[in-house]
Every structure is written in C-alpha cells, then in structure tokens.
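Notes for the structure review
Each chain is listed here by its residues.
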Amino acid sequence: TRTDTGRPDAPRPTRPAESSPSRRANPPNNSHAARSRKIEVKGCRKAHGSWSFRVDAGIDTDTGKRKQVTRSGFRTRDEAEAELSATLAALNSGMWTDDKGTTVGEWLKQWLEETARMGASPKTLANYRGHVRDLWTPQLGRIKLRDLRRSHIEKAIATLSDPVKDRKVGNAGRRVEKRSPATIDGYRRTVRAALSAAQRRGLITMNPAVGRLDAIPRGATRELSIWQPDQTAAFLEHVHADRLSALYELAAYAGLRRGELCGLRWHDLDGDNLGLRVRQTIVEVSSSQLSREQATCPVCGEFHVGRLFKEPKSRAGRRWVPLATPARDALLKHREAQESERRDFGADYADHDLVFSEVDGIPLRPGSVTAAFEAHVKACGLPVIRLHDSRHGACSLLLAGGVPIDVVQMILGHASPTVTRQVYAHVLRAATVTQVEAASELLTKFRPMSD
C-alpha cells in the first residue's frame, strides 16, 4: 500500500486521496501488494509514500484466530515483492518465524531478566549486562530481530578493536589500552547466547552470531608459563613462614583453582587426609551485582563485601583430588596454627569451617590472595607467573610422573581429556630432554667416536 508522508510545511489536499484498486502481487491468492495513487503535494517535487504487503500465515495457536504478516516501509514495488517472495518461501518451507515486531534491544532486556530468574551465576550475569549495556544495545538495539544480519554483528564487534579511552575495562577494574581477542570474543558469546534463546522461542530462524567472526582479531597463542620443579621448590621455601604457606603448597601439588582454595572447608577433607572433595568455591563479585539473598553469608548471615559462596560451575568441577604427602603435612601444620588463632580471638572468632581464612575466620577475598602471591613472586626473583599457572605446573608434574591423562583431567576438573591435551601439550622440558637423550643413546652407542 502506498501511503502519504508529505512535508509538514506543504499545503494539504482539500479532500482525502482516492485509492486505486488493490493489485495482487504475483504468487499466491492469500497475499497482496497494493498501492494507492501517488499523492503530489503542491510545493514538493518528490512523490511520497512507501510499499507494504500482507500475507495470511495460518492460524495463531495461542488465540485461534487467523494470523497475518504485514511488512511495510519498502521504497519500491520491486523491494516489496522481493521480500514478499522470501516470506512466502519461508512459510511454505516451514522456516518462517514471527518476531512480533521485537527489536534487538527489547529482546536483550527480556533475555537478561529471564537469565536472572533462572539463577545464572552473578558473575556471568554481570558480564552479560556489561556487554549488553556497552555494545549490543547502543549498536543494535533499534534493529528488528527479523532484520538482524551477521554483517550488523561484525560491524559492532569491529568497534571493540579500537583503543580504549578513559574507561576501566580490565578484570577487577584494571585499566587496559586495548581489548584482547579473548575479551572481544566474550561479547560475541553473549549475543550468541541471547540469540540462541530467541531462536528456541521461534523469534528467528537462525543465529547470525554462531561461529567465528572475521571482525575478531586472531591473537597470538600464549605460551604456557610453567615453573620447573626447582623453581616451584624455591618459591615454596620462600613462603615457608607465611601464614598461608599451606595454600601455596596445595596449589602447587593439587592444582586447585583460586576460588576452590578460598572455599575449601575442613569437612571437605577425607578422614585419613589422603584426599579432598571440591564442593564449594568463593568468587569475587561486585556487591552491586548481588541480590541481598546472594550477598548474605550462608554460614553467619553477615555480608562479606564482594565475596560469593557458590558450588563449582560444572559437574567436572565437583571432584575428588588426591593429596601428596607434602600437602598433607602443610595442612596439618596450618590447622594447628589456625586453632591457635581461634583461641586468641575466643568468642569473636567467626568460624566458617574454612581451611584458609583471615585470622578472625572471615572468608578470604580471592583478589587479596592473588595480590599476595604476586608480591611473593616478585620478592623471590622468579619468572613472573599467575597464581592460576600453578595448575599448569601441577598438571605437568602429574604427567611427568606417569599419571594417565584421563586421570589428570579428573584431578584438575577439566571437562574432558581433550581440554587437558590442548592446554598441556607438553610436559617438563628438562624431563623431556632427558628422555630424548636416553632414546638417542640407542643409536649413538653404535657409532664410531669422531675426532
């Protein structure tokens, strides 16, 4: 249908425009593309109006009434008929969906609300909200879901490669000059999750955010930072007198994650101290991202700012971990020291049954543990690694000791042995060189000595 959009300052016709008979657009008899006579407004040389079409899409299962699809805003008849043909083809093939006129911004808001109601992790939800707020709503919010294309997502993603100005975008508020490829891909994963939910609800037929996007730069593969055994031993000797030395021992021998170390409880240890169960973690989340219920400590009912008790995020994370003798000895010594602290504080000691806590029993802040580790590394002059990299060292020790890779996978809590193979494609360099030398000797011993 052709509609008038004449200029406000132009004279209006004295009587309504008369429409010409509607004309059916080529294919079936359940659709039409009609137009009214062009309206020429005095003082304006340009013909105004747009084309639209309406298609019968069957019966609405919710209301039992006939469902009609109306599309408008096409500049020419050819454009309207092209879209009409595409709509009819989708209807005939069963691939047509009705987005009910929902824009990307409206859907993202609804999706975030649904994700929160379904109990998503506060940290995950905080990332989703940040990505939606900073990129997807400003860039794509006004686009209808049905009109969203992969090119729109590519264009939005491309802006993330620009230098960061006057914003804290790094982890824990750290300033960064440029986002890493992994960070940029996080934005894609967010919109992919939102559009997958829209696809499951029949609002779109395909998800344009699935798969790699050309706009995401390919980052160089980061070489794993792993201390050799002598370096790990030097670090453990350096922190021997530290109050949390047992935490570093457990990280080096058992490969626990930071949140798992902070959330470990005494009753998670086996009675014979031969192993432990990972059942709880503590993660650091901004208080503004937590509800009152989430921020309330399940043990004491108080608020520990920025700390959230939660279960491991995956089934693989809930696991049994064996304890090496040095780790067991360090835990026994640590328990004696903790009992002394408990006696000193008396009734003021906030007992949470945590293996590692503040001196008064309050849960540790994971960020504080990382800061303390980094300070120790700097003080002892070893190559700089992250606390998380101690997991790499623990894995390499297990592999070099002959522990099967599928067992190593279970100990570290990886989703599958494939992850373990991809991340830890090598074991210790020194051990590998020794093995190669032993193998080469099988040939070298038969060769004559050279001058």
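Reading the values: the criteria
Residues numbered from 1 in each chain as written. Predicted model: local features only at pLDDT ≥ 70, side-chain atom pairs only at ≥ 80, totals over all residues. Heavy atoms only, no water. Helix = DSSP H or I, 4+ residues; strand = E, 2+ residues; numbered from the N terminus. Areas by Shrake-Rupley, 256 points an atom, 1.4 Å probe, with all protein chains shown as cover. Core = buried A, V, L, I, M, F, W, Y, C linked by side-chain atoms within 4.5 Å. Buried < 20%, exposed > 50% of the residue type's maximum accessible area, 1.4 Å probe, protein only. Polar contact = N/O pair within 3.5 Å; in protein donor to acceptor, adjacent residues only side chain to side chain. Contact = heavy atoms within 4.5 Å. Phe/Tyr/Trp six-rings, centres within 6.5 Å; stacked < 30°, edge-to-face > 60°. Lys NZ or Arg CZ within 6 Å of the ring centre and 35° of its normal. pLDDT = per-residue confidence, 0-100. Axes fitted to C-alpha atoms, helices over the stretch in contact; angles between N-to-C directions. Parallel < 35°, antiparallel > 145°, perpendicular 65-115°, else oblique. Left-handed = near helix turned anticlockwise from the far one by under 90°. Expected span 1.5 Å × (residues − 1). Arc of directions from axis to C-beta. Bend = angle between axes of the 7 residues up to and from the residue. Salt bridge = Lys/Arg side-chain N within 4 Å of Asp/Glu carboxyl O.

1. A few points about the overall build of the chain
Along the backbone of the chain there are 15 helices and seven strands. Counting only carbon and sulfur atoms, one obtains 51% of the accessible surface of the chain, whose full area is about 26700 Å².

2. Remarks on the nonpolar core
One finds Phe235, Leu247, Leu250, Leu256, Leu276, Phe356 and Phe373 to be the most contacted residues of the largest nonpolar core, which totals 44 residues. Put simply, the parts of the chain that give this core at least two residues each are helix H6 (229-238), helix H7 (245-254), helix H8 (258-263), helix H10 (325-345), helix H11 (366-380), helix H12 (390-400) and helix H13 (405-412). One finds Leu108, Val191, Ala209 and Ala215 within the second-largest nonpolar core, a separate group that totals 30 residues.

3. Things to note about the side chain of glutamine 338
Along the polypeptide, glutamine 338 turns up in helix H10. Given the relative accessible area of 2%, glutamine 338 is considered buried. Here leucine 354 takes part through its backbone oxygen, which lies 3.1 Å from a polar atom of the side chain of glutamine 338. Apart from the residues within four sequence positions on either side, glutamine 338 is in contact with Trp266, Tyr349, Leu354, Val355 and Ser357.

4. Points about the packing of aromatic side chains
In total, this model carries seven aromatic pairs according to the counting rule given. Between tryptophan 227 and phenylalanine 373, the aromatic rings sit 6.3 Å apart at their centres with planes inclined by 35 degrees, giving tilted as the arrangement. Linking tryptophan 227 in the loop between helix H5 (181-200) and H6 with phenylalanine 373 in helix H11, this pair joins segments that are 146 residues apart in sequence. You'll find tryptophan 227 and phenylalanine 373 in the same group, each marked buried. An aromatic cluster of at least three residues, connected via ring pairs, comprises Trp227, Phe235, Tyr248 and Phe373. When the ring centre of tryptophan 266 is taken as reference, the NZ or CZ atom of arginine 335 above it lies at 4.3 Å.

5. Some details on unusual backbone geometry
We note that asparagine 273 has phi near 60 degrees; this positive angle belongs to a residue other than glycine. Checked against the element boundaries, asparagine 273 lands in the loop between H8 and strand E4 (275-277). Under the relative-accessibility criterion, asparagine 273 is labelled partly exposed at 24%. Of note, aspartate 353 is a non-glycine position whose phi angle comes to about 65 degrees, a positive value. Within the secondary structure layout, aspartate 353 lies in the loop between H10 and H11.

6. Here we look at the confidence of the model for the chain
Detailed conclusions should not be drawn from predicted coordinates in areas where pLDDT is low. Per-residue confidence for the chain gives a mean pLDDT of 81; residues scoring 70 or more make up 79%. Note that residues 1-46 has pLDDT below 50 and, in this model, 76 contacts with residues that lie over four places away or in other chains. Segment residues 169-173: pLDDT under 50, and six contacts once partners within four positions in sequence are set aside and those in other chains are kept.

7. Things to note about the packing of H6 against H7
For the pair H6 and H7, interaxial distance at closest approach is 10 Å and the crossing angle is 165 degrees. In terms of their interaxial angle, H6 and H7 are classed as roughly antiparallel. As for how H6 packs across H7, the hand of that crossing is left-handed. Across from Thr232, Phe235 and Leu236 in H6, the residues of H7 making contact are Tyr248, Glu249, Ala252 and Tyr253.

8. Some details on H11
In this model, H11 (15 residues) spans 22 Å end to end at C-alpha, consistent with the 21 Å of a helix rising 1.5 Å per residue. Within the sequence span of H11, burial applies to Pro366, Val369, Thr370, Phe373, His376 and Val377. All buried residues of H11 lie within an arc of 125 degrees about the axis, which places them on one face of the element. The exposed set on the far side of H11, more than 90 degrees from its buried face, consists of Lys378 and Ala379.

9. A look at helix H3 (residues 122-140)
Where H3 bends most, the angle comes to about 45 degrees, and this point is valine 132. Listing the buried residues of H3 in full gives Pro122, Leu125, Tyr128, Gly130, His131, Val132, Leu135, Trp136 and Leu140.

10. Topic: the pattern of salt bridges
Taken as a whole and assessed by the stated rule, the structure comprises 15 salt bridges. Of the charged contacts, one joins glutamate 81 and arginine 77 as a salt bridge, the two residues approaching to 3.0 Å between their closest N and O atoms. With glutamate 81 and arginine 77 both in helix H1 (residues 77-93), this residue pair falls four residues apart, about one helical turn. Residue classification places arginine 77 among the partly exposed residues on the basis of a relative accessible area of 24%. Here arginine 243 makes a salt bridge to glutamate 341, at a shortest N to O gap of 2.7 Å. Pair noted here: arginine 243 is in the loop between H6 and H7 and glutamate 341 is in helix H10, with a separation of 98 residues, a long-range link. Residues participating in the shared-partner salt-bridge network are Asp185, Arg188 and Arg189.

11. Points about the environment of glycine 317
Among the secondary structure elements, glycine 317 is positioned in the loop between strand E6 (307-310) and strand E7 (320-322). When its relative accessible area of 5% is taken as the criterion, glycine 317 is described as buried. When the C-alpha positions of glycine 317 and isoleucine 411 are compared, they lie 9.1 Å apart, and in sequence the two are 94 residues distant. Setting aside residues up to four positions removed in sequence, glycine 317 forms contacts with Glu260, Val278, Pro312 and Gly413.

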